[in-house]
Amino acid sequence: MASRKGEHGEPVVLDVDGFDVRVSSPGRVYFPARGETKLDLVRYYLSVGDGIVSALRERPCMLHRFPKGIAGDKVHQKRLPRGAPPWVETVRLHFPRYGLHADELCVTRLADVAWACQMSTVEFHPWNSRRADTEKPDEWRIDLDPMPEAPFSRVRRAAHVAHEVLDELGATGWPKTSGGHGLHVYVRIAPEHGFQDVRRAALAFAREVERRLPDDVTTTWWRRDRDPAAVFVDYNQNARDHTIAAAYSVRGNDIGTVSAPIAWDEVDDAEPDDFTIATMPARYAQLGDLHAGIDDAVFDIAPLLEWAERDEAQGAEPPPEPEDDTGKP
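Figured I'd write up the structure that's included with this text. Residue numbering note: each chain is counted from 1, following its sequence as written. Local features in this predicted model are restricted to residues of pLDDT 70 or higher, and side-chain atom pairs are both shown and tallied only at a pLDDT of 80 or more, whereas totals for entire chains, interfaces and linings draw on every residue. Side-chain numbers here rest on the full set of heavy atoms in the structure, without hydrogens or water.

1. Some remarks on the overall build of the chain
Spelled out, the test is: Helix numbers and strand numbers start at the N terminus; a helix is a DSSP run of H or I with at least 4 residues, a strand a run of E with at least 2. The size measure is the radius of gyration over C-alpha atoms, and the globule rule it meets is 2.2 Å times the number of residues to the 0.38 power. Relative accessibility under 20% of the residue-type maximum defines a buried residue, over 50% an exposed one, and the middle range a partly exposed one, all with a 1.4 Å probe and only protein chains included. Any two residues whose heavy atoms approach within 4.5 Å are treated as being in contact. Exposure was quantified through the Shrake-Rupley algorithm and a 1.4 Å probe, taking into account, for residues, occlusion by the shown protein chains and nothing else. Under this rule, positive means Lys or Arg and negative means Asp or Glu; His and the chain ends count for nothing. To locate a charge, take atom NZ for lysine, CZ for arginine, CG for aspartate or CD for glutamate.
When you go through the chain residue by residue, the secondary structure sums to 7 helices and 14 strands. In terms of overall size, the chain behaves like a compact globule, its C-alpha atoms giving a radius of gyration of 20 Å where 329 residues would be expected to give roughly 20 Å. Counting only C-alpha atoms and orienting by the principal axes, one finds that the chain spans roughly 65 × 45 × 40 Å. Among the 329 residues that make up the chain, the fraction classed as buried is 56%. Across the chain, contacts joining residues at least 24 apart in sequence account for 71% of those joining residues at least 6 apart. Summed over all atoms, the accessible surface of the chain reaches about 14400 Å², with 48% contributed by carbon and sulfur. Of the charged side chains in the chain, 40 are positive and 56 negative; the average position of the first set lies 7 Å away from that of the second.

Here it is in structure tokens:
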């Protein structure tokens, strides 16, 4: 049933760095646990403005929209929603599997984020490449994804071993909670390789973590074959058109958890549910953007490609390319 006009409050116009962003239905409850509204969601993103813009800047971005709040249906949106103001920018992507293209949101300013929230976006899922060359990733993503029976203590152990391997490689890792039950670590890389090579490098790294932590970690391709209490190092998040929630992105659950950057020395104490739209503004005001230096720490993945060649020479077969599971663009 359609909402009655004014049922969720009269529209509010916000000045976001000189751009007017109109927020309709500002009082619609998006997160039922504490009652945060659509306007609360916009204000959250404004409170972490530099961080969310840095995480999304110049990247094609898929939107997870919840037109009725998170209790309603979720819409995976690749194409820019209709009605965008002229200052919102896009990047055109080609999807060979379907013979189609899509013009996706390309954030360049905070007002773009606020406008996407007006269009009911809760989650922002950017590519790991930028629009200057969308086929050359500049971000390697380590996704520590616990299987259903894996305790978070195993995720923590996997994170520490990943950190150890990164240190040995001379790579700087930038950890964050997933906003769900796992942890992510991002590494800035030079945009010199295609998705296939970046994924091969990510798999070689994952295998090394598995070798050092065989009782806790798996790289097994098929989910049905994985230990249900293991942590999967999901190298597939580096495949073309596979995206995960950005740093500072809210997640679509009752309490509005956030994919929150953390320091390495917080890994042992951080709990995923500690970071929500209710707690993050004060944390950000105190600590600022913990990923602020990521662009200054660029890693060359050549050693990982050597590891991949070594593994393949020893008989390790690269897994098949994962299929896009988000539907047609």
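2. Examining the environment of Thr177
Put simply, the rule is: Distance and chemistry together define a polar contact, namely a pair of N or O atoms within 3.5 Å, with one atom able to donate a hydrogen and the other to accept it when in protein, and with adjacent residues in sequence counting only for side-chain atoms on both sides.
On the secondary structure map, Thr177 appears in strand 11 (residues 174-177). Along the primary structure Thr177 and Ala260 are separated by 83 residues, whereas in three dimensions their C-alpha atoms are 5.2 Å apart. A polar contact of 3.2 Å, which involves the side chain of Thr177, links it to the backbone oxygen of Val258.

3. Digging into the pattern of salt bridges
The cut-off we apply is this: When a carboxyl oxygen of Asp or Glu is within 4 Å of a side-chain nitrogen of Lys or Arg, the pair counts as a salt bridge.
On inspection of all chains with the given rule, the structure shows 28 salt bridges. Note that Asp311 is salt-bridged to Arg310, the shortest N-O span being 3.1 Å. Look at Asp311 and you get buried, because its relative accessible area is 3%. For Arg310, a relative accessible area of 32% corresponds to the partly exposed category. Connected via shared salt-bridge partners are Arg59, Arg130, Asp138, Glu139, Arg141, Arg188 and Asp295.

4. Comments concerning the environment of Gly72
Among the structural elements, Gly72 can be located in the loop between strand 5 (60-65) and strand 6 (75-77). Given the relative accessible area of 27%, Gly72 is considered partly exposed. Taking C-alpha positions, Gly72 is 18 Å from Phe124, a pair spaced 52 residues apart along the chain.

5. Description of the nonpolar core
Note the cut-off: Joining through side-chain atoms within 4.5 Å is the link that ties buried Ala, Val, Leu, Ile, Met, Phe, Trp, Tyr and Cys residues into a set, and such a set is a nonpolar core.
Core analysis: the biggest nonpolar cluster contains 88 residues, and Tyr45, Phe124, Trp140 and Phe205 have the highest contact counts within it. Counting residues per element, this core draws most heavily on helix 4 (residues 152-169), at 9 residues. Apart from residues lying up to four places away in sequence, Tyr45 is in contact with Ile52, Leu110, Val113, Cys117, Val122, Phe124, Tyr248, Ser249 and Val250.

6. Observations regarding the side chain of Ser249
With respect to the helices and strands, the residue Ser249 is situated in the loop between strand 14 (231-233) and helix 6 (280-287). Of the polar contacts made by the side chain of Ser249, one reaches the backbone nitrogen of Phe124; its length is 3.1 Å.

7. Quick word on unusual backbone geometry
Despite not being glycine, Ser25 has its phi angle at roughly 45 degrees, a positive value. Looking at where Ser25 falls in the secondary structure, it is placed in the loop between strand 2 (19-23) and strand 3 (29-31). Unlike most non-glycine residues, Glu58 shows phi in positive territory, near 70 degrees. Within the fold, Glu58 resides in the loop between helix 2 (49-56) and strand 5.

8. Some points on helix 7 (residues 302-313)
Test applied: One less than the residue count of a helix, multiplied by 1.5 Å, gives the span that helix is expected to have. This arc describes the spread of directions from the helix axis toward the C-beta atoms.
Under the 1.5 Å per step criterion, the end-to-end length of helix 7 is 17 Å for 12 residues, consistent within 8% with the ideal 16 Å. Among the residues making up helix 7, those that are buried are Leu304, Leu305, Trp307, Ala308 and Asp311. The buried residues of helix 7 occupy one face: seen down the axis, they fall within an arc of 155 degrees. Relative to its buried face, helix 7 has exposed residues pointing more than 90 degrees away, namely Glu306 and Ala313. In the core, the buried residues of helix 7 are packed alongside strand 10 (139-146), helix 4 and helix 5 (195-212). Gly315, located one to two residues past helix 7, shows a positive phi value of around 105 degrees.

9. Structural notes on the sheet that holds strand 10
Operational definition: Two strands pair under a simple rule: DSSP has to find at least two bridges between them.
Read from one edge to the other, the open sheet built from 5 strands follows the order 11-12-10-14-13, with strand pairing classed as mixed. Bordering the open sheet on either side are strand 11 and strand 13 (217-218), each of which pairs with just one other strand. As judged from the 2 bridges shared by strand 13 and strand 14, these two strands associate in the parallel manner. Note that in strand 14 the partner of Val217 across the bridge is Val231.

None of this, on its own, says anything about what the molecule does.
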